[in-house]
Amino acid sequence: MKRSIFGVLVAVAALLLASCGSDRAYDYEYYGLNTPVKSVLVTTYEAESKFGDVVKGDLAHNGHYLATFNGVGNLESIASYDDDGDLTSLERFKYNREDRLIELSSFDDDGDINYQLTYSYEGDQMVAECQKNYWGDTEEVTQYSHTWRGEQLLETSVTSGSTLVAKIKYSMCDKSGSEWVTYNGDGEEVARGSEELEDNRIVKRTVDGRSLEVRWNSKKLPVYLRNAHLHNNTMVSWYNNDDECVYYVEYEYDDEGNWIKQIVYEGEIKRPVTISERVITY
């Protein structure tokens with residue numbers, strides 16, 4: 001799958017913004033787990049309403065994956081599948097002795113590498129991502145450099161080879177949220193936005209006047225999303241398009257308090273969209 005440099009930039013920016021002044025978190029928490037586990041296997045179905053009940057329909061095309069974790073609860077791999085059970089992508093993760101991510105490699109369904117991100121740190125702060133990104137048969141080397149003042153992230157610069165691709169300047173970035181402006185390589189403003197955080201989780205994001213909103217339950221799971229979508233069931237992703245959307249989410253839990261069934265509803269009429277079932281190996 002071909003991915004744009006801007007897409008990777010968004011992913012890196014999100015990781016940086018999430019770390020601005022926030023407490024350390026491990027991957028299992030973002031997957032809606034209250035303790036480290038060995039793996040989770042998720043299968044997703046189309047949802048149907050019959051006689052007032054929500055029931056499983058056909059397998060959805062997407063939403064099937066196996067995530068494995070290491071001893072502290074960080075991801076080792078994520079293998080995604082289609083509705084025929086065929087592998088569509090694989091991501092692998094490596095960490096340093098402090099359990100911080102130092103490498104993320106993404107492979108396509110043929111086993112060819114899509115892209116690879118590597119990370120380095122200075123103290124508690126991420127200070128650089130110097131990546132080899134592979135787009136089909138063409139190799140592009142993209143570098144991310146960051147300017148800090150103490151714990152305050154001031155600026156992120158993105159270069160491809162010797163060419164400046166983008167620059168993000170932050171006027172604020174801490175536990176309460178962040179504010180930033182993104183410029184292209186010519187210095188022209190292309191976007192500006194802000195985020196509000198509660199307990200290290202986004203509750204509001206605004207970019208160029210378009211806003212998303214997320215509400216979380218007591219188990220730190222998303223239960224309401226406006227102009228946002230779910231990624232791997234519990235993480236929030238945002239798309240900058242003109243379509244307004246609202247989703248409601250319900251869960252069922254096992255004896256350990258971790259969700260094993262998720263139903264997603266669309267719109268204020270709460271039309272059932274998907275049912276995901278999760279098998280957890282402790």
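Residues numbered from 1 in each chain as written. Predicted model: local features only at pLDDT ≥ 70, side-chain atom pairs only at ≥ 80, totals over all residues. Heavy atoms only, no water.

## Brief notes about the overall build of the protein
Defined as follows: Counting from the N terminus, the helices are the DSSP runs of H or I reaching at least four residues and the strands are the DSSP runs of E reaching at least two. Note on exposure labels: buried denotes an accessible area under 20% of the residue type's maximum, exposed denotes more than 50%, and partly exposed covers the range between, all computed with a 1.4 Å probe on protein chains only. Whether two residues are in contact is decided by their heavy atoms, any of which lying within 4.5 Å being enough. Per-residue and other accessible areas follow the Shrake-Rupley method at a 1.4 Å probe size, with only the shown protein chains counted as cover for residues.
Across its full length, the protein holds two helices and 21 strands. Out of the 282 residues in the protein, the part that is buried amounts to 44%. By sequence separation, contacts in the protein at least 24 residues apart represent 32% of the contacts at least 6 residues apart. Total accessible area on the protein is roughly 14900 Å²; 46% of this is exposed by carbon and sulfur atoms.

## Focus: the pattern of salt bridges
Our working definition: Throughout this description, the term salt bridge denotes a Lys or Arg side-chain nitrogen within 4 Å of a carboxyl oxygen of Asp or Glu.
Counted under the stated rule, the structure contains twelve salt bridges. Across the pair Arg192 and Glu189 runs a salt bridge, and its minimum N-O distance is 2.8 Å. Accessibility expressed as a relative area gives 43% for Arg192, which makes it partly exposed. Note on Glu189: relative accessible area 41%, which makes it partly exposed. Connected through shared salt-bridge partners, Glu213, Arg215 and Arg226 make up one network.

## A closer look at the pairing of strand E10 (residues 152-160)
Quick reminder of the rule: The criterion for strand pairing is that DSSP finds at least two bridges linking the strands in question.
Direction of pairing for E10 relative to strand E11 (residues 163-174): antiparallel, over a ladder of six bridges. Of the residues in E11, the one forming a bridge with Ser157 is Lys167.

## What about the pairing of strand E3 (residues 64-69)?
By the criterion of burial, E3 is predominantly enclosed, with five of the six residues buried. Sheet topology places strand E1 (residues 39-50) next to E3; four bridges connect them, and they run antiparallel. Residue Ser39 lies in a different strand from E3, and its bridge partner there is Thr68. Pairing between E3 and strand E4 (residues 75-81): six bridges, direction antiparallel. Bridge pairing in E4 links Ala67 to Ile78. Once E3 ends, the chain turns through five residues before running back antiparallel as E4, passing Gly73 with a positive phi of about 100°.

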